[in-house]
Amino acid sequence: MLRNGQWVENWQPIQQKSEDGDFIRQSSGFRDGVVANAPADRYHLYVAYICPWACRTLMLRKLKGLEHAISVSVVNPVLTEQGWAFAQPEENMQKNYMHQLYSHSDSRYTGRATVPVLWDKYEQKIVNNESADIIKILNDDFTHLAKNDINLRPSHLAGEMASINQYIYDKINNGVYRAGFASSQQAYERGYQDVFEGLYTMEQKLANQTYLLGEHLTESDIRLFVTLIRFDLAYYSIFKCNKKRISDYNKLHAYMHRIYQLPGIKQTVNAEHIKQGYYSIKTLNPSGIVPLGPDSI
Ligand SMILES: N[C@@H](CCC(=O)N[C@@H](CS)C(=O)NCC(=O)O)C(=O)O
């Protein structure tokens, strides 16, 4: 992580934990918005294909048809001693590591250099590093540039979306991390129970409808999809979420594939990066061996 703008060597993949061994996620440090009527060449996304939070921003970019307006850099799947690294110097600042973009933006920055990051090419700084904000920004503030007329946050569903989003985050998106990164048996079991309670609830919800809030795709579906698509590839085994696979749930599995088939979405899913990334977390998998399966998801 960075301390006062300097990279500190004892970086660990696992973030903070509570006294009871529960995983605690760092809160995001950059929370700005974009300028009104943003020009097409101003903003850039830094992402990792392994990362569910980053991939939800990539999904918004695809669904809205913003590829021409928002450029993207992808980090290598495996975290290094210096955090996320680029295969070659990235296109805006010619940096090799994600943390250098953080310290360039704020020379006193203290915190982890996470992805996703929304970058301002004109001002050469981070605008926002919280994916929940970034997906909102991409949906709401780029409509003038969007090639697709789609709104994933319709105002009449705002209340329902907020509560289901919170549920999905607590039980599922972050639940798998709380199971996987727990440092006590009890903390692991809390995460595990939450994950499968959450998946059961989602399976019931999808009994008679196409998407979580009815017949229209919304941001809630994007939030759930990014965890579902990683589940059988990684969370089932490395995060010990092994009660059931997503392919064991009729409705959820069909739903995940329905979203996967939407135009452009496949390109936001890179199974090899997902496996390499999660299985390279040394504290969870010291040998670094990446499993060959599953055959299909
Ligand atoms: N709140 C952030 C969380 C992002 C996050 O935790 N990203 C992870 C990858 S999945 C990361 O970059 N970790 C690097 C690190 O912790 O040093 C968001 O949703 O944007």
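The present account deals with the structure reproduced in this document. (Residues numbered from 1 in each chain as written. Predicted model: local features only at pLDDT ≥ 70, side-chain atom pairs only at ≥ 80, totals over all residues. Heavy atoms only, no water.)

Bringing helix H1 (residues 52-64) into the picture now. The end-to-end C-alpha distance of H1 is 18 Å, a good match for the 18 Å that 13 residues give at a rise of 1.5 Å each. Counting buried positions along H1 yields 13 of 13 residues, so the element is predominantly enclosed. In the segment just after H1, Gly65 is the residue with positive phi, at about 75°. (Helix = DSSP H or I, 4+ residues; strand = E, 2+ residues; numbered from the N terminus. Expected span 1.5 Å × (residues − 1). Buried < 20%, exposed > 50% of the residue type's maximum accessible area, 1.4 Å probe, protein only.)

We now examine the nonpolar core. In terms of nonpolar packing, the biggest core is built from 92 residues, with Met98, Phe142, Leu199, Leu252 and Tyr278 touching the most fellow members. Broken down by element, the residue count for this core peaks at 11 residues, all from helix H6 (residues 219-238). Here this core spans two domains, since at least three of its residues come from each of domain 1 (2-140) and domain 2 (155-263). Those residues in contact with Leu252, other than ones at most four positions away along the chain, are Leu199, Met202, Glu203, Leu206, Leu224, Leu228 and Ile246. (Core = buried A, V, L, I, M, F, W, Y, C linked by side-chain atoms within 4.5 Å. Domains from an automatic or database assignment. Contact = heavy atoms within 4.5 Å.)

What follows deals with the site of the ligand. Close to the ligand lie 15 residues; Arg25, Trp84, Arg112, Glu130 and Ser131 are nearest. Trp84 is positioned such that a nitrogen or oxygen atom in its side chain is 2.8 Å from an oxygen atom of the ligand. A distance of 3.4 Å separates an oxygen atom of the ligand from a polar backbone atom of Asn129. A class-by-class count of the residues in the shell around the ligand yields 7 nonpolar, 5 polar and 3 charged. (Near = heavy atom within 4 Å. Polar contact = N/O pair within 3.5 Å; in protein donor to acceptor, adjacent residues only side chain to side chain. Nonpolar A, V, L, I, M, F, W, Y, C, P; charged D, E, K, R; others polar.)

A separate point is the pattern of salt bridges. One side chain can pair with another of opposite charge once the charged atoms of both are near each other. The final tally for this structure, using the stated rule, is 14 salt bridges. Between Arg31 and Asp133 there is a salt bridge, with the nearest N and O atoms lying 2.5 Å from each other. In this pair, Arg31 sits in the loop between strand E4 (23-24) and strand E5 (43-47) while Asp133 sits in helix H3 (residues 131-140), placing the two residues 102 residues apart along the sequence. Classification of Arg31 by relative accessible area gives partly exposed; the value is 45%. Across the salt bridge formed by Asp194 and Arg178, the nearest N and O atoms sit 2.7 Å from each other. (Salt bridge = Lys/Arg side-chain N within 4 Å of Asp/Glu carboxyl O.)

Quick look at helix H7 (residues 250-260) now. Within H7, burial applies to Leu252, Tyr255, Met256 and Ile259. Angularly, the buried residues of H7 cover 100° about the axis, an arc narrow enough to put them on a single face. Elements in contact with the buried residues of H7: H1, helix H5 (185-205) and H6. (Arc of directions from axis to C-beta.)

Inspection of the secondary structure puts Lys282 in the segment after helix H8 (271-279). Given the relative accessible area of 51%, Lys282 is considered exposed. Put simply, Lys282 and Asn242 are 40 residues apart on the chain and 20 Å apart in space, counted from C-alpha to C-alpha.

What follows deals with the sheet that holds strand E8 (residues 125-128). The strands making up a sheet associate through backbone hydrogen bonding, with each pair oriented either parallel or antiparallel. Spatially, E6-E5-E7-E8 is the arrangement adopted by the 4 strands of the open sheet, whose pairing is mixed. Of all the strands in the sheet, just strand E6 (70-74) and E8 have a single pairing partner and so form its edges. Taken over all neighbouring pairs, the strand axes of this sheet differ in orientation by 35° on average, direction set aside. Sheet topology note: the E5/strand E7 (residues 117-120) ladder contains 4 bridges and is antiparallel. Residue pairing across strands places Tyr46 opposite Val117, the latter belonging to E7. Across the sheet, H1 is in contact with E5 and E6; its angle to E5 comes to roughly 140°. Across the face of the sheet, helix H2 (residues 98-105) comes into contact with E5, E7 and E8 while running at roughly 50° to E7. (Pairing = 2+ DSSP bridges. Axes fitted to C-alpha atoms, helices over the stretch in contact; angles between N-to-C directions.)

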